[in-house]
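What the coordinates show
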There are 2 protein chains.
Amino acid sequence: MRKPELAAAIAERADLSKDKASQVLNVIIDEITETVSKGNDVTLIGFGSFTVRERAARTGKNPQTGKPLDIPASKTVAFKPGKALKDAVSK
Amino acid sequence: MRKPELAAAIAERADLSKDKASQVLNVIIDEITETVSKGNDVTLIGFGSFTVRERAARTGKNPQTGKPLDIPASKTVAFKPGKALKDAVSK
DNA sequence: CTTTATGCGTAAGCCAGAACTCGCTGCGGC
DNA sequence: GCCGCAGCGAGTTCTGGCTTACGCATAAAG
């Protein structure tokens, strides 16, 4: 499933125009992105939470040359499924 | 950040009432939950993708008693950040 | 609304360390 | 007041990181 399909589903379920639904979807993505980029977690109860995770520097390897590769520390976003979501997929 | 706050932010940015924003938020969560529970991936370009992941059975351990614990196979939801999201948090 | 053009996302292959998983309980958010 | 989330410990699974090419999505225009 991709963006337009989700937007369409939202439009139907929430009684919105598809344009509005698409706009809202983009706004949400933007808002969440902005929030986590500030280092704040986003928790949607019943769904899950987005957490900013510090990734320690380590030594990797270039898959093509096989040479050791220095990978600096970085940040990433981790998602932890909530109970409802876990139950839903486990079914 | 939690649900009501996100709803408020959406309401402001997308020119919606807070009630409507909250409703839309729930619908989205519900829709995504339903979709992944069917085994379909959800891809929001520029944000990331939700993937259903099969988890093999293995032998774990109860942290409190230290006794071996039999963990059966199950499914879970994995989130993979997209480029825009990674760029945003890395900043 | 459909098409076009551009720009991302996905996939694969390899390897090392890192993150996630589990049950249970307290505590805090709802 | 109640449900959901965080945290612990150890092992295993899994992702990240690079690069190329292809396919599809996105956004804008007719």
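Here the structure is a predicted model, which means the values were calculated and not measured.

1. A closer look at the protein's contact with DNA strand C
- Taken together, the neighbourhood of DNA strand C is formed by 22 residues, with A:Pro63, B:Arg2, B:Arg58, B:Gln64 and B:Lys83 sitting nearest.
- The contact atoms of DNA strand C, taken as those within 4 Å of the protein, divide so that sugar and phosphate hold 81%.
- At a separation of 3.4 Å, a phosphate oxygen of DNA strand C approaches a polar backbone atom of A:Glu54.
- Residue assignment for the surface near DNA strand C shows that the elements contributing at least two residues are strand 2 (48-55) and strand 3 (58-61) of chain A together with strand 2 (48-55) and strand 4 (68-71) of chain B.
- With 3 residues, the single largest contributor to the surface near DNA strand C is strand 2 of chain A.
- Here the surface near DNA strand C is built from residues that sort into 7 nonpolar, 5 polar and 10 charged.

2. Considering the protein's contact with DNA strand D
- Among the 22 residues in the neighbourhood of DNA strand D, the closest are listed as A:Arg2, A:Lys3, A:Pro4, B:Ile45 and B:Arg53.
- A share of 80% is what sugar and phosphate atoms reach among the atoms of DNA strand D within 4 Å of the protein.
- A distance of 3.4 Å separates a sugar or linking oxygen of DNA strand D from a polar side-chain atom of A:Arg58.
- Within the side chain of A:Ser74, a nitrogen or oxygen atom sits 3.4 Å from a phosphate oxygen of DNA strand D.
- Taken together, the elements giving at least two residues each to the surface near DNA strand D come down to helix 1 (3-14), strand 3, strand 4 (68-71) and strand 5 (74-81) of chain A together with strand 2 of chain B.
- The residue inventory of the surface near DNA strand D, partitioned by class, reads 7 nonpolar, 4 polar and 11 charged.

3. Notes on the interface of chain B and chain A
- Between chain B and chain A, the contact holds 41 residues from the first and 41 residues from the second.
- In total, about 4000 Å² of surface goes out of reach between chain B and chain A, with carbon and sulfur atoms giving 70% of it.
- Of all residues in chain B, the largest losses of buried area upon contact with chain A belong to B:Met1, B:Arg13 and B:Val89, amounting jointly to 18% of the total for that side.
- Of the charged contacts, one joins A:Arg13 and B:Asp30 as a salt bridge, the two residues approaching to 2.8 Å between their closest N and O atoms.
- Counting across the chain B and chain A interface gives 12 residue pairs in polar contact (both at pLDDT 80 or more).
- Those elements that place two or more of their residues in the side of chain B that touches chain A are helix 1 (3-14), helix 2 (18-37), strand 1 (42-44), strand 5 (74-81) and helix 3 (83-90) of chain B.
- Per-class residue counts for the side of chain B that touches chain A are 24 nonpolar, 7 polar and 10 charged.

4. Points about a positive patch on the surface
- A cluster of like positive charges, contributed by A:Arg53, A:Arg55, A:Arg58, A:Lys80 and B:Lys86, occupies part of the molecular surface.
- A relative accessible area of 54% means that A:Lys80 is categorised as exposed.

5. Details of the pattern of salt bridges
- One pass over the full model with this rule turns up 10 salt bridges over all chains.
- For the salt bridge of A:Lys38 with A:Glu34, the shortest nitrogen-to-oxygen distance reads 3.7 Å.
- Residue A:Lys38 is classed as exposed on the basis of its relative accessible area, which comes to 60%.
- On the basis of relative accessible area, A:Glu34 is assigned to the partly exposed category, the value being 32%.
- Note that B:Arg13 is salt-bridged to A:Glu34, the shortest N-O span being 2.8 Å. Pair noted here: B:Arg13 is in helix 1 and A:Glu34 is in helix 2 (residues 18-37), and the two residues belong to different chains.
- The class of B:Arg13 is partly exposed, set by a relative accessible area of 34%.
- Linked through salt bridges whose partners overlap, the residues forming this network are A:Arg13, B:Asp30, B:Glu31, B:Glu34 and B:Lys38.

What counts, and where the lines are drawn
Residues numbered from 1 in each chain as written. Chains lettered and ligands numbered in written order. Predicted model: local features only at pLDDT ≥ 70, side-chain atom pairs only at ≥ 80, totals over all residues. Heavy atoms only, no water. Near = heavy atom within 4 Å. Polar contact = N/O pair within 3.5 Å; in protein donor to acceptor, adjacent residues only side chain to side chain. Helix = DSSP H or I, 4+ residues; strand = E, 2+ residues; numbered from the N terminus. Nonpolar A, V, L, I, M, F, W, Y, C, P; charged D, E, K, R; others polar. Contact = heavy atoms within 4.5 Å. Buried area = accessible area lost by both parts, 1.4 Å probe. Salt bridge = Lys/Arg side-chain N within 4 Å of Asp/Glu carboxyl O. Patch = residues over 30% accessible without salt bridge, like charges linked within 9 Å, V, L, I, M, F, W, Y side chains within 5 Å. Areas by Shrake-Rupley, 256 points an atom, 1.4 Å probe, with all protein chains shown as cover. Lys, Arg positive; Asp, Glu negative; His and termini not counted. Charge placed at Lys NZ, Arg CZ, Asp CG, Glu CD. Buried < 20%, exposed > 50% of the residue type's maximum accessible area, 1.4 Å probe, protein only.

Function cannot be read off these values alone, since they describe shape.
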